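# Residue-level structural notes
Next come the chains, spelled out residue by residue.
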Amino acid sequence: MFQQFHYMFRRIDRTDRRRYVWLVLLSVISPVIDVYSISMLLPILNEMAEDEPGRTLPGILFIGFLLLFKTGFDILLTYLGNGFAIDSERKLSVAMFDLLQKEDLAAHKSKTQSIAFTVVRRDAFRVIDGMMSAKNLFIYLLTMIGYGIVIVLSVKWIGAACFAGVAVLMIIIYLLNRVRVEKFGEKVREMNIRASEMVFSSFGAYKEIRVDSNRDSLLHQFEGQTRALGEENKRFAMFSELVSTATQDILQAAVFFLLAFALLLKVDITGNLSAIIVFVTVLVKMLPLSSNIIHMLVRIRSTRADFLHFKDNAERYDAILAREEAQKGMRVRKPSFEKGITVRGLTFVYEDNDSPIFEDADIDIPKGKTIAITGNSGTGKTTFLDLLIGLSKPQKGAIFYDDVDIVAGRDADGACIVDIGDLVSYIPQEVYLNGYSVRDNVTFMTPPSEIDEARIRECLKIASVYDDVMKMPQGLDTLIGSNGTKLSGGQRQRIALARALYKDFELLVLDEATASLDMETEAAILESLRERQPGKTILMVTHHNSLADACEIIYRLEDRGFVRIR
């Protein structure tokens with residue numbers, strides 16, 4: 001538990017560390033006021049018993065006003081605590097979001113959408129919740145110790161026995177249940193991921209599900225999954241409340257047994273009535289406090305699974321940032337594209353596969369040409385594009401953009417950071433469109449202040465979708481639905497093409513980007529690209545022979561290499 005807290009305290013930034021420390025320090029004031037007000041009860045009662053109410057009045061009023069101050073102060077602490085928790089969670093979420101953008105392709109492919117969402121949102125929330133619970137636990141323990149001192153001073157050995165008994169009971173209850181609580185946290189995290197995955201799947205596969213005669217199966221699966229998750233949450237809630245309630249009830253029973261024991265020993269209670277009143281008052285405070293301590297311990301332990309996943313992702317993020325830091329002094333080279341791309345000796349094999357996809361493969365992609373890459377399914381066409389644009393690294397070989405090798409990160413002057421982002425525009429096989437307007441999707445990631453309306457229209461015209469857009473209810477401002485659900489397959493691909501064209505590129509890479517279009521539309525788009533984007537290089541993976549035949553250069557991928565057809 002301490003290791004978890006220590007790691008997270010170092011994980012948050014310096015500003016939030018200061019905020020957390022101040023939050024803890026300020027939180028100490030409330031229990032100090034509580035303990036002080038209780039500790040003053042005994043002398044006030046003694047003075048009142050001695051028929052001197054005038055002397056006690058100022059003290060009583062002071063404590064009353066002090067407790068009113070505490071009420072306002074507690075409200076301020078709640079505000080500060082919520083501010084810290086929300087801001088810290090946001091920063092950790094942003095860091096995890098950045099990790100998803102910077103991690104390599106293999107790490108990206110190892111996740112589902114629901115896992116990615118859990119990494120960015122749930123894990124960040126849970127680890128900060130663990131920190132806030134640790135703060136509350138510290139305050140509760142501090143308050144408990146203060147009450148323990150008061151009770152010992154009031155009734156001596158009886159108070160000491162009570163306090164020791166409370167402490168021992170809480171430790172035993174926590175140790176007996178900590179493993180179970182940790183397993184619950186891991187189980188619930190996995191069940192949440194599975195339930196989220198079913199939501200993503202049902203939304204993404206809407207058409208397939210609607211036409212399938214077994215579509216109720218998915219509903220039953222989701223109902224079963226959420227029922228199991230609900231039952232698990234109910235079991236944990238019951239368990240958590242049971243532990244807290246049992247702690248409080250056992251302690252209450254122990255108080256009465258202690259009083260019975262005192263009577264058996266014929267301890268004179270009437271002579272220490274004021275001390276007994278303080279003793280009972282403190283016990284009334286301590287019993288729910290002990291329940292809160294157990295609850296915080298359980299809550300912190302239940303976040304351990306989320307913490308371990310967060311820690312693993314955070315350390316991967318640190319490694320990426322460390323590499324970026326080490327490269328800060330290096331030259332950044334943005335290659336020219338005066339000649340094109342030269343690939344030599346390309347060898348690539350996936351980690352979980354002994355058979356190479358490419359082996360000493362060579363290919364030339366000259367500037368200003370249209371090049372088609374064909375081949376059977378599964379031969380590695382998409383993998384080649386991933387290598388060509390730097391998403392994956394080959395085990396051997398060189399990929400030169402003019403004189404810059406993006407694999408080795410070197411040019412004629414030595415090692416450098418290679419940035420090809422300004423050269424390449426890319427449309428993957430699985431096009432993603434957000435649910436916003438046509439304009440938002442064409443200008444994807446472009447700052448609003450830099451949007452060029454005329455260029456949007458020009459790109460839509462080149463992609464042969466401008467007329468379709470103008471017929472839509474709000475034209476460029478028409479919302480297209482999540483991933484373009486309001487569009488036809490052809491419209492989706494043409495808007496994705498317009499997005500790629502909106503960028504000022506030298507190399508346009510298309511991975512089956514026109515598969516949903518008819519041959520006439522494909523040919524018209526290719527001709528429009530040549531006319532309106534003269535001098536640009538177009539590299540396309542396609543299964544359509546007619547489209548390949550319209551290109552100037554054709555390669556076929558076979559036997560782990562490229563064969564030039566024309």
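In case you missed it, the structure is sitting above this.
The sections below set out a description of the structure shown in this document. (Residues numbered from 1 in each chain as written. Predicted model: local features only at pLDDT ≥ 70, side-chain atom pairs only at ≥ 80, totals over all residues. Heavy atoms only, no water.)

### A short note on the nonpolar core
General note: in soluble globular proteins, nonpolar side chains tend to be found buried as a group. Using the following cut-off: What is meant by a nonpolar core is a set of buried Ala, Val, Leu, Ile, Met, Phe, Trp, Tyr and Cys residues, joined one to another through side-chain atoms within 4.5 Å. In this scheme, a residue with accessible area under 20% of its type's maximum is buried, one over 50% is exposed, and one in between is partly exposed, where area comes from a 1.4 Å probe on protein chains only. Where helices and strands are cited, they refer to DSSP runs of H or I of at least four residues and of E of at least two residues respectively, numbered from the N terminus. In what follows, residue pairs with any heavy atoms lying within 4.5 Å of each other are defined as contacts.
Counting 55 residues, the largest nonpolar core has M8, M96 and I128 as its most contacted members. Those elements that provide at least two residues to this core are α1 (2-11), α2 (14-27), α5 (53-102), α7 (113-204), α9 (216-264), α10 (273-302) and α11 (304-326). With 23 residues, α7 is the single largest residue contributor to this core. Setting aside residues no more than four positions away along its own chain, M96 makes contact with V119, V120, F310, N313, A314 and Y317. Listed in part, the 38 residues of the second largest apolar core include V438, A500, A513 and I538.

### Regarding the packing of α1 against α11
Note the cut-off: Structural elements are reduced to axes, namely lines fitted to C-alpha atoms, with helices fitted over the stretch in contact, and the angle between N-to-C directions of any two is expressed from 0 to 180 degrees. We call two directions roughly parallel when the angle between them is under 35 degrees, roughly antiparallel when it is over 145, roughly perpendicular when it lies between 65 and 115, and oblique otherwise. Here is the rule for handedness: rotate from the far helix to the near one, and if that takes an anticlockwise turn smaller than a right angle the crossing is left-handed, while a clockwise turn gives right-handed.
The N-to-C vectors of α1 and α11 enclose an angle of 40°; their axes lie 11 Å apart at closest approach. One element, α1, and the other, α11, form an angle in the oblique class. Our pair here, α1 against α11, has a crossing hand that is left-handed. Packed against α1, whose contacting residues are Q4, Y7, M8 and R11, the element α11 presents R304, F307, F310, K311, A314, E315, Y317 and D318 at the interface.

### With respect to the side chain of R126
Note that R126 resides in helix α7. Excluding its chain neighbours within four sequence positions, the residues that come into contact with R126 are S302, T303 and D306.

### What to know about helix α14 (residues 453-462)
Rule in force here: Within this analysis, the arc is defined by the directions that extend from the helix axis to the C-beta atoms. Identification of polar contacts relies on pairs of N or O atoms within 3.5 Å, with a donor-acceptor requirement for protein atoms, meaning one able to donate a hydrogen and the other able to accept it, and with residues adjacent in sequence counted only if both atoms are side-chain atoms.
Listed in full, the buried residues belonging to α14 are I456, C459, L460 and I462. All buried residues of α14 project into a common sector of 160° when viewed along the axis, lining one side. Close packing links the buried residues of α14 with α13 (438-442), α15 (466-470), α16 (489-502) and α17 (519-532). Between a side-chain oxygen at the N-terminus of α14 and the backbone nitrogen of A454 the separation is 3.1 Å; the capping residue is D452. Once α14 finishes, S464 follows within two positions and takes phi at roughly 60°, a positive value.

### Quick word on the sheet that holds strand β10 (residues 424-427)
The line we're drawing: A strand pair is defined by DSSP finding two or more bridges across the two strands.
Read from one edge to the other, the open sheet built from six strands follows the order β10-β11-β12-β4-β13-β14, with strand pairing classed as mixed. Pairing within the sheet leaves two strands with one partner each, and these edge strands are β10 and β14 (561-564). Neighbouring strand axes in the sheet, compared pairwise and without regard to direction, differ in orientation by 20° on average. Bridging between strand β11 (residues 507-511) and strand β12 (residues 537-541) involves five bridges; their strand directions are parallel.

### Digging into α16
We count it as follows: In a helix, the anticipated span is given by 1.5 Å times the number of residues less one.
A rise of 1.5 Å per residue sets the reference length of α16, with its 14 residues, at 20 Å; its end C-alpha atoms lie 20 Å apart and thus fit the reference within 8%. Among the 14 residues of α16, 13 are classified as buried, and the element is accordingly described as predominantly covered.

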